[in-house]
Amino acid sequence: MAMTGVLRPGHVQIRVLDLEEGVRHYRDIMGLEETGRDAQGRVYLKCWDEMDHSSVILRQADRAGLDFAGYKVLDKATLEKLDADLRAYGVKTERIPAGEMLETGERVRFEIPSGHLIELYAEKTAVGNGCGLVNPTPWSPGKERGMAPRRLDHILLYGPNIAAVQKLFTEVLGFNLVERILNPEGTGNAVIFLSCSIKSHDIAFGEYPEPAKLHHCSFLMDSWDHVLRAGDIMSMHKVPVDIGPTRHGVTRGCTIYAWDPSGNRFETFMEDRQPYPDHEPLTWTFESLGVGGGLDYVQRKLHETFLTVVS
Amino acid sequence: MFLILKVVGFEGGSYKFPIEKLTRKRADMSVFQIRLFETGESFACDSAQSVLEGMARLGRRGIPVGCRGGACGVCKVEVLSGCIERKAMSRSHVSEEDEKKGQVLACRIFPSSDLELRVIGGMKRCVNQQEFRKTS
């Protein structure tokens, strides 16, 4: 599958308990660029190498977690087709008008069986990465600010019915199952990793009794060195770290999990796999998540928080 | 001993690390004893750090440690006696009624007197629904 349908994770709207604490974390410590604030008080940010206006939107609320995640599709015709395909599949969709989010076109929003709100959209103003489009520079000053992730990479969401979620994403939205962790009984999947590209995952889901939970939003780092440097910055600012620095056996990604000031987990992540759509999915037994190094390949241990702590 | 570390930004570059506004002034700090009802054990916690942070910093256990930001709810406790200051915590885990009963998240409360706490939170595992129901 050439990338002609859903392209990538485009935006996440994260609920924070204190807006300015959230802005300080994502902008000043992580190093995202603030690109706007809207009449609702939402703050828009982007990573340095992202072309579009914003990828992280912060909204102050009385509970943490994820409002919705938006995936960019190739063009408006693709948006119309995917909306029709979703409806034909029996998914109720809603249109959010252009401009409801800053610099963002019309969105097609729908609830998936895990309780999460997912959106598709085709248009978001390209503001560029500061490198130029003709004879571009290899990086822009934004790369030296804070942890300086390159882009929003993927999200892991926890909720019920992930078998139905997998069916929807693979049969309607054109994603591939790249990797999976079996449940303890071996009768189904506990965690699934789905890609609409040749990334190890553009979205992942974990089976969990409560709907609509956020496990983490992941940000792509240039290298393992940059993951370690992000860890230094976390420590300098007393950002609470969950797991790492280490390598996930699952997806091979190099990682640190940590939490924002409202308890939303984020990841600084370095991709180390290129699964093409013709590759067989990889399978991990539930036991191997811990002792097999699926979660933490270096320590080969199951960190309890991976299965229990969500926002 | 509680140390306030001054973080110095990159010299010569355009970027400076922001000053941590959350670190309260040392002059405002007092140290209180936090007693856990279940075990009768207690630990010292100063008013500038959350009860959960105070416990974890001393390598003590008793209250489950989760996101440390008021979101996940695993460190939920009931304040049986004493006074606290609090920061916002997720309504998903602490309702207004809970708050009236003194049920709060240990990561978001700061002691302003000695405290006695009862632990009511805990880790609820995903994956295995039976296990989840057993512990919830």
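Residues numbered from 1 in each chain as written. Chains lettered and ligands numbered in written order. Predicted model: local features only at pLDDT ≥ 70, side-chain atom pairs only at ≥ 80, totals over all residues.

(A) Representation of the overall build of chain B in the model. Of the regular secondary structure elements, chain B holds three helices and seven strands. If you list the helices and strands of chain B from N to C, you get β-β-α-β-β-α-β-β-β-α. In chain B, which comprises 136 residues, the share counted as buried stands at 34%. Counted over contacts in chain B with a minimum sequence separation of 6, partners at least 24 positions apart contribute 55%. (Helix = DSSP H or I, 4+ residues; strand = E, 2+ residues; numbered from the N terminus. Buried ≥ 20, exposed ≤ 12 C-beta atoms within 10 Å, placed from the backbone. Contact = placed C-beta atoms within 7 Å.)

(B) Broad picture of the overall build of chain A. The secondary structure content of chain A amounts to six helices and 17 strands. Compactness check: chain A gives a C-alpha radius of gyration of 18 Å against a globular reference of 19 Å for 311 residues, within 12% of the reference. Judged by the C-alpha coordinates and their principal axes, chain A covers about 50 × 50 × 45 Å. Burial analysis of chain A (311 residues in total) assigns 51% to the buried set. (Rg over C-alpha atoms; globule rule 2.2 N^0.38 Å.)

(C) Up close: the domain arrangement of chain A. All names here are of chain A. Domains assigned within chain A are domain 1 (6–144) and domain 2 (151–308). Using only C-alpha atoms to locate each centre, domain 1 and domain 2 end up separated by 20 Å. Each partner contributes residues to the interface: domain 1 has 31 residues there, and domain 2 has 34 residues. Here the side of domain 1 that touches domain 2 gets six residues from one element, more than from any other, and that element is strand S1 (residues 6–16). Per-class residue counts for the side of domain 1 that touches domain 2 are 18 nonpolar, seven polar and six charged. (Domains from an automatic or database assignment. Nonpolar A, V, L, I, M, F, W, Y, C, P; charged D, E, K, R; others polar.)

(D) Spotlight on the sheet that holds S1 of chain A. All names here are of chain A. If you trace the eight strands from one edge of the open sheet to the other, you get S2-S3-S4-S1-S5-S8-S7-S6, paired in mixed fashion. Two strands close off the open sheet at either side, each with one partner strand: strand S2 (33–37) and strand S6 (93–96). This sheet shows a mean twist of 25° between the axes of neighbouring strands, independent of strand direction. In the sheet, strand S7 (residues 107–111) pairs with strand S8 (residues 117–121) via five bridges, with the strands oriented antiparallel. If you follow Val 108 over to S8, its bridge partner there is Leu 120. (Pairing = 2+ DSSP bridges. Axes fitted to C-alpha atoms, helices over the stretch in contact; angles between N-to-C directions.)

(E) Molecular detail of the sheet that holds strand S17 (residues 282–284) of chain A. All names here are of chain A. Reading across the sheet, the nine strands line up as S14-S15-S16-S13-S9-S12-S11-S10-S17 and stay open at both edges, with mixed pairing between neighbours. Where the open sheet ends on each side, the last strands, each with one partner, are strand S14 (241–247) and S17. Direction aside, the axes of adjacent strands within the sheet are offset by 15° on average. For strand S13 (residues 213–220) and strand S16 (residues 265–270), the ladder comprises four bridges, and the chain directions are parallel. Looking at S16, one finds that Leu 220 is bridged to Phe 269. Packed onto the sheet, helix H4 (residues 224–236) meets S14, strand S15 (254–259) and S16 and runs at close to 20° relative to S15.

(F) Expanded view of unusual backbone geometry. All names here are of chain A. Going from Gly 244 to Pro 245, the amide bond is cis rather than trans, its omega being 5°. Inspection of the secondary structure puts Pro 245 in strand S14. The phi dihedral of Asn 135 is positive, around 45°, even though this residue is not glycine. Secondary-structure assignment places Asn 135 in the loop between S8 and strand S9 (151–159).

(G) Structural detail: the pairing of S15 of chain A. Residues and elements named next belong to chain A. Among the six residues of S15, six are classified as buried, and the element is accordingly described as predominantly covered. Side-chain alternation along S15 places Cys 254, Ile 256 and Ala 258 on one buried face and Thr 255, Tyr 257 and Trp 259 on a second face that is also buried. In terms of strand pairing, S14 meets S15 through four bridges, oriented antiparallel. Bridged to Ile 243 within S15 is Tyr 257.

(H) Representation of H4 of chain A within the structure. Residues and elements named next belong to chain A. Between the first and last C-alpha of H4 there are 19 Å, a value that for 13 residues agrees with the 18 Å anticipated at 1.5 Å per step. Among the residues of H4, those classed as buried are Val 227, Ala 230 and Met 234. The buried residues of H4 occupy an angular sector of 55° when projected down its axis, which confines them to one face. More than 90 degrees from the buried face of H4, the exposed residues found are Asp 225, Asp 232 and Ser 235. Backbone geometry just after H4 places Lys 238 at a positive phi near 55°. (Expected span 1.5 Å × (residues − 1). Arc of directions from axis to C-beta.)

(I) Layout of the nonpolar core. Counting 111 residues, the largest nonpolar core has Val 56 of chain A together with Leu 52, Cys 75 and Ala 106 of chain B as the members making the most contacts within it. Each residue touching Val 56 of chain A, except ones within four places of it in the same chain, is listed here: Val 12, Ile 14, Tyr 26, Leu 32, Leu 45 and Leu 152 of chain A. (Core = buried A, V, L, I, M, F, W, Y, C linked by C-beta atoms within 7 Å.)

(J) A look at the pairing of S8 of chain A. Residue and element names in this part refer to chain A. The element S8 is largely enclosed, with a buried count of four among its five residues. In this structure, strand S5 (residues 65–73) lies alongside S8, joined through four bridges in parallel fashion. Looking across to S8, one finds that Ala 69 is bridged to Ile 118. Taken together, S7 and the strand that follows it, S8, pair antiparallel across an intervening segment of five residues, in which Gly 115 is found at a positive phi of about 95°.

(K) Layout of the environment of Ala 64 of chain A. By the element assignment, Ala 64 of chain A lies in the loop between strand S4 (56–60) and S5. For the pair Ala 64 of chain A and Asn 264 of chain A, spaced 200 residues apart in sequence, the C-alpha to C-alpha distance is 6.7 Å.

(L) Quick look at the confidence of the model for chain B. All names here are of chain B. Mean pLDDT over chain B: 78, with 70% of residues reaching 70 or higher. Low pLDDT (under 50) marks residues 1–27, which in the prediction has 18 contacts with non-local residues, meaning those over four places away or in another chain. Throughout residues 126–136 the model reports pLDDT below 50, and contacts reaching past four residues in sequence, or to other chains, amount to 20 contacts. Listed scores for the predicted complex are pTM 0.90 and ipTM 0.90. (pLDDT = per-residue confidence, 0-100.)

(M) Inspection of the environment of Val 227 of chain A at higher detail. Residue and element names in this part refer to chain A. Mapped onto the elements of the fold, Val 227 is located in helix H4. Its 24 C-beta neighbours within 10 Å are what place Val 227 among the buried residues. Separated by 88 residues in the primary sequence, Val 227 and Trp 139 place their C-alpha atoms 18 Å from one another. In this view, Val 227 contacts Met 221, Pro 245, Cys 254, Thr 255, Ile 256, Thr 268 and Met 270; residues no more than four positions away in its chain are not counted.

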